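Spelled out, the chains give:
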Amino acid sequence: MIKTFKRGGVHPPENKISAQVAIEVFNTQDTVRIFTSQHLGVPAEPVVTKGDTVKVGQLIAKSSGFISANVHSSVSGTVTSIEAIADHMGFKKTAICIKIEGDEWEESIDRSPDIIREIKHTPEEIIQKITDAGVVGLGGATFPTNVKLSIPPGKKAEALIVNGAECEPYLTSDHRLMLEAGEQILIGMEIIRQALKIDKTYIGIETNKMDAINHLKSFTQWIKHIEIVPLKPRYPQGGEKQLIKAVTGKEVPINGLPIDTGYVVCNVGTVYSVYEAVQKNKPLIDNTVTITGKKLKTQKNYLVRVGTPMSQLIESVGGIPEGTGKIVSGGPMMGKPIANIDGPTLKGSSSILFMTEEESSRGDSSNCIRCAKCVGVCPMGLEPYLLLRLAERKMNDQLEANFVHNCIECGCCLYTCPARLPLVDYIRLGKAEVLKIMRSRK
Amino acid sequence: MDYSIILYTVIALGSVALLLAIILYGVAQKFKVYEDPRIDIVEKILPGANCGGCGFAGCRAFAEAAVKAEDLATIFCPVGGNDCMKNVAEALGKTAAEKEPMVAVIRCSGSPAHRPRTSIYDGAQSCAVMASVYAGDTGCSFGCLGRGDCTLVCDFDAIHMNPETLLPEVIDDKCTACGACVKACPKFIIELRKKGPKNRRIFVSCINKDKGGVARKACKVVCIGCGVCKKACTFDAITIENNLAYIDFNKCKLCRKCVEVCPTNAIHELNFPPKKKVEEIAPAKEPVSNA
């Protein structure tokens, strides 16, 4: 039987329209604007000033704090300004703007297409290289990878689980990466395995990507330590805790972290970046972005330099198609709206999705009929209808007692609600409030 | 008929009742909590709105604090105002600090006519939710989101959404400056300012910190931080920080000069008579300018 997680979850129409489109390198024009905060945690500190010339891969902002990450220039050119600009959601953040001049790379970066198979670094060196390269988790949360791989004292890592589930509808960037850089991903897993000094690594891939599974299985030399686990398509399988449950059958305790069960979970994109950082000395300066949508004539999977204006990507596919209701960065379930198409891409951008009007319409919400569908689909075993009411009334102590901080904001409850109640909207708000209270208590 | 049953019942129940009464009396005496009678007196003086605007959990908590406090300088009931505090001080034999009456002002005037919508928001109708999703449905990332979180928290029915401008409006006479709306606004638009003589006040009705050009593109009535008002002000009441002017209400003498010179009409004057009378008011106020 094909494995999957047991509790909750939904299976929305997959709509992986761009799955057969090969990854194409996108040539960014004019300028890039690179945010100093592209990761979870403290924004990086700029180390360049206006007028400096930078090369591709040069450090432009330094990690400042334990949970922070380095930021590198994705192009070569001149720094025109360091100022607060609006991101795709309209929020103002500090960005380093670079005018593109030529394409001159740092000498230390290996740009040859050869795959380097030999791993000759000690675990400490590997972690240091990942730190220097500013690798962050590309599964969505953009948590600095070096922090994730530095196991806190008292905890022990037993296995690595790589997330190739890509359970969000529409997204195909991870799928394409597995097909086109399969061996590099397996080498990346081997690198992390050595860094964590563990024996076992898994990669979980949903069976709607059989080509990727078969492709990875063909690299027999690497799959000694690696188990490829086919998973039954189900959302949110790519969530850390759901993936652990699906692959190993173990449950992460409530209020706990994956490391409490001994597992470290990374996305395939992250693992690929780790490979590039360690074997090729290449910092995280580009990532795969899917440009997709039902009304879009040309579907694309682009390799995009960080900081490229989204409007350039949108123009390259012929502009915003007619009948578009919403433009979303990320998948339709958890993605964030793009209100400002001039906003630059981030390290963690996985897609630009054009949702049609009928897909994106939320409809009018009516009264809760206590059907408990939301309770049934909640993968964390919470009671979304109750949390909604509590969050609306700002009853933070009750919210905490009902484990709102365990919500992964996957949106299954909202997807399934027949009354179209804004469940996640309010729960996310309540969760943020409760987390703030919990932090201040420490 | 045998009346003895009734008699026995009365005696039995009566003795049980007496016994329980004695126990209850004993317990009541033993666990008696002495409560300062002044707390009740003060509570009666207070408006009884239980709004929490004073920072205490309701009027009784305020009364307890007032009785305990050595002087009333640090505690103030914004709803009752100076009159109420004077009565409280009299009842307690203490002195209350006098405070200028305050009122909430909305520092945004970006109605749809001035500030075109750039996207349509269809999520939960709450400013807090909207602010957590994105910067707003207009080009201005600072302005009012117009979903009325401030109107929901007002205990005094003093703030309402104007359906035409999609902005909240404060009713001066009802507003008690409890500060509930200030806390509820995720964009920090609402400010408590001095109510001013005859409810007259002047303020910058904008909190946009963008550079002039960017701000102007998003909204027609935006403060562009040009500094003309600062130059016009003879009382040094205006400061400009982060491309945004701010009028210090403690220094402002309500001369209305800044209102005239503002190129974007971002400075608002409220409850002033039509222009002509200005000259009469302004010189009369000038002698106290250095106070």
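Details of the overall build of chain B
For chain B, the helix and strand inventory stands at 11 helices and 8 strands. Rg of the C-alpha trace for chain B: 28 Å, well past the compact-globule value of 19 Å for 291 residues, more than 25% over. Taking the principal axes of its C-alpha atoms as reference, chain B extends roughly 100 × 55 × 30 Å. Taken across its 291 residues, chain B has 42% of its residues classed as buried. A separation of at least 24 residues holds for 57% of the contacts in chain B among residues at least 6 apart in sequence. Summing over all exposed atoms, chain B offers an accessible surface of approximately 16,300 Å²; the carbon and sulfur share of this is 59%. In chain B, which carries 37 positive and 31 negative side-chain charges, the distance between the mean positions of the two groups comes to 7 Å.

Some details on helix α6 (residues 240-248) of chain A
For the α-helix, the turn length of 3.6 residues means that residues three or four positions removed from each other point alike. What α6 of chain A keeps buried is the set Gln242, Leu243, Ile244, Ala246 and Val247 of chain A. One or two positions beyond α6 of chain A, positive phi appears at Gly249 of chain A, with a value near 80°.

With respect to the pairing of strand β3 (residues 167-170) of chain B
All names here are of chain B. Pairing between strand β2 (residues 159-162) and β3: 4 bridges, direction antiparallel. Among the inter-strand pairings, Ile159 is bridged to a residue of β3, identified as Val170. Counting the residues in the hairpin turn of β2 and β3 gives 4 residues, including Leu166, whose phi is positive at 55°.

A few points about the domain arrangement of chain B
Residue and element names in this part refer to chain B. We note that the domain assignment places domain 1 (37-92) and domain 2 (102-290) within chain B. Summarising the inter-unit geometry, the C-alpha centres of domain 1 and domain 2 are found 31 Å apart. Facing the 6 residues of domain 1 at the interface are 5 residues of domain 2. Between domain 1 and domain 2, the buried area comes to about 410 Å², and carbon and sulfur atoms account for 63% of it. The largest contributions to the domain 1 side of the interface with domain 2 come from Cys51, Pro78 and Val79, which together make up 69% of the buried area. Inspection of the region where domain 1 meets domain 2 yields 0 salt bridges.

Quick notes on the packing of aromatic side chains
Residues and elements named next belong to chain A. The full count for this structure, using the stated rule, is 4 aromatic pairs over all chains. Aromatic pair Tyr272 and Tyr275: ring centres 6.3 Å apart, planes at 25°, arrangement stacked. With Tyr272 and Tyr275 both in helix α7 (residues 268-280) and 3 residues apart, this pair spans about one turn of that helix. As far as burial versus exposure is concerned, Tyr272 and Tyr275 are alike and both buried.

A word on the layout of surface pockets
Residue and element names in this part refer to chain A. Roughly 550 Å³ of volume is contained in the second largest pocket. Every residue lining the second largest pocket is counted, 25 residues in all, and those nearest its centre are Tyr272, Glu276, Lys282, Asp286 and Leu303. Looking at the lining of the second largest pocket, the elements with two or more residues in it are β1 (23-25), α3 (173-180), α7 and β14 (300-305). Its residues assigned to classes, the lining of the second largest pocket comprises 13 nonpolar, 2 polar and 10 charged.

Digging into the packing of helix α2 (residues 37-45) of chain B against helix α3 (residues 59-68) of chain B
Residues and elements named next belong to chain B. Across the interface, α2 lies against α3 with an axial gap of 8 Å and an inter-helix angle of 125°. Classified by the interaxial angle, the pair formed by α2 and α3 is oblique. The handedness of the crossing between α2 and α3 is right-handed. Contacts from Arg38, Ile39, Asp40, Val42 and Glu43 of α2 reach α3 at Arg60, Ala63, Glu64, Ala66 and Val67. For the contact of α2 with α3, the per-class residue count stands at 5 nonpolar, no polar and 5 charged.

Concerning unusual backbone geometry
Residue Tyr235 of chain A is joined to Pro236 of chain A through a cis peptide bond whose omega torsion reads -5°. One non-glycine residue, Asn242 of chain B, lies in positive phi territory at about 50°. Judged by relative accessible area, which is 48%, Asn242 of chain B ranks as partly exposed. One non-glycine residue, Asn243 of chain B, lies in positive phi territory at about 60°. Residue classification places Asn243 of chain B among the partly exposed residues on the basis of a relative accessible area of 28%.

Notes on the side chain of Ser141 of chain B
Within the secondary structure, Ser141 of chain B sits in the loop between α5 (127-133) and α6 (149-153). Polar side-chain contacts of Ser141 of chain B include one of 3.0 Å to the side chain of Lys92 of chain A. Once residues within four sequence positions are removed from consideration, Ser141 of chain B is found in contact with Gly90 and Lys92 of chain A together with Ala135 and Lys187 of chain B.

Some remarks on the interface of chain A and chain B
Taken together, the contact pairs 16 residues of chain A with 17 residues of chain B. Of the roughly 1,200 Å² buried where chain A meets chain B, counting both sides, 58% is carbon and sulfur surface. The three residues of chain A that bury the most area against chain B are Phe91, Lys92 and Leu429 of chain A, which together make up 32% of that side's buried surface. One can count 3 salt bridges joining chain A with chain B. Here chain A is connected to chain B by 5 residue pairs in polar contact (both at pLDDT 80 or more). With 4 residues, helix α14 (residues 423-441) of chain A is the largest single contributor of residues to the side of chain A that touches chain B. Looking at the side of chain A that touches chain B residue by residue, the classes come out as 7 nonpolar, 3 polar and 6 charged.

Remarks on the nonpolar core
Soluble globular proteins tend to pack their nonpolar side chains together in the buried interior. Grouped together as the largest cluster of nonpolar side chains are 47 residues, with contacts concentrated most on Ile190, Ile202, Ile247, Cys258 and Ile267 of chain B. Excluding residues that lie within four positions of it along the chain, Ile247 of chain B makes contacts with Arg193, Ile202, Phe203, Val204, Ala237, Ile238, Cys252, Cys258 and Ile267 of chain B. Formed by 42 residues, the second largest nonpolar core is a distinct cluster that contains Leu177, Ile198, Cys266 and Tyr275 of chain A.

Re the environment of Phe56 of chain B
Residues and elements named next belong to chain B. When you line up the elements, Phe56 lands in the loop between α2 and α3. Sequence spacing of Phe56 and Thr234 is 178 residues, and the spatial spacing of their C-alpha atoms is 40 Å. Beyond its immediate sequence surroundings of up to four residues, Phe56 is in contact with Ala61, Phe62, Ala65 and Ile75.

Examining the pattern of salt bridges
Residues and elements named next belong to chain A. For the coordinates displayed, the defined rule picks out 40 salt bridges over all chains. Salt-bridge contacts for Asp30 lead to Lys99; the nearest nitrogen and oxygen are separated by 3.0 Å. Of this pair, Asp30 sits in the loop between β1 and β2 (31-35) while Lys99 sits in strand β8 (residues 92-100), and the two are 69 residues apart along the sequence. Look at Asp30 and you get partly exposed, because its relative accessible area is 47%.

Things to note about the sheet that holds β14 of chain A
Strand pairs in the sheet, formed through backbone hydrogen bonds, run parallel or antiparallel to each other. Residues and elements named next belong to chain A. The mixed open sheet is built from 6 strands, whose spatial order is β1-β14-β13-β17-β15-β16. Of all the strands in the sheet, just β1 and β16 (336-337) have a single pairing partner and so form its edges. Relative to β14, strand β13 (residues 286-293) runs antiparallel, the two sharing 6 bridges. The partner of Val289 across the bridge, within β14, is Tyr302. Strands in contact with α3 are β1, β13 and β14; relative to β13, the strand with the most contacts, it is inclined by about 125°.

Cut-offs applied
Residues numbered from 1 in each chain as written. Chains lettered and ligands numbered in written order. Predicted model: local features only at pLDDT ≥ 70, side-chain atom pairs only at ≥ 80, totals over all residues. Heavy atoms only, no water. Helix = DSSP H or I, 4+ residues; strand = E, 2+ residues; numbered from the N terminus. Rg over C-alpha atoms; globule rule 2.2 N^0.38 Å. Buried < 20%, exposed > 50% of the residue type's maximum accessible area, 1.4 Å probe, protein only. Contact = heavy atoms within 4.5 Å. Areas by Shrake-Rupley, 256 points an atom, 1.4 Å probe, with all protein chains shown as cover. Lys, Arg positive; Asp, Glu negative; His and termini not counted. Charge placed at Lys NZ, Arg CZ, Asp CG, Glu CD. Pairing = 2+ DSSP bridges. Domains from an automatic or database assignment. Buried area = accessible area lost by both parts, 1.4 Å probe. Salt bridge = Lys/Arg side-chain N within 4 Å of Asp/Glu carboxyl O. Phe/Tyr/Trp six-rings, centres within 6.5 Å; stacked < 30°, edge-to-face > 60°. 1 Å grid on protein atoms, 1.4 Å probe; cavity = no way out; pocket = protein on both sides within 12 Å on 5 of 7 lines; lining within 4 Å. Points joined across faces, edges and corners; volume = space filled by probe spheres on them. Nonpolar A, V, L, I, M, F, W, Y, C, P; charged D, E, K, R; others polar. Axes fitted to C-alpha atoms, helices over the stretch in contact; angles between N-to-C directions. Parallel < 35°, antiparallel > 145°, perpendicular 65-115°, else oblique. Left-handed = near helix turned anticlockwise from the far one by under 90°. Polar contact = N/O pair within 3.5 Å; in protein donor to acceptor, adjacent residues only side chain to side chain. Core = buried A, V, L, I, M, F, W, Y, C linked by side-chain atoms within 4.5 Å.

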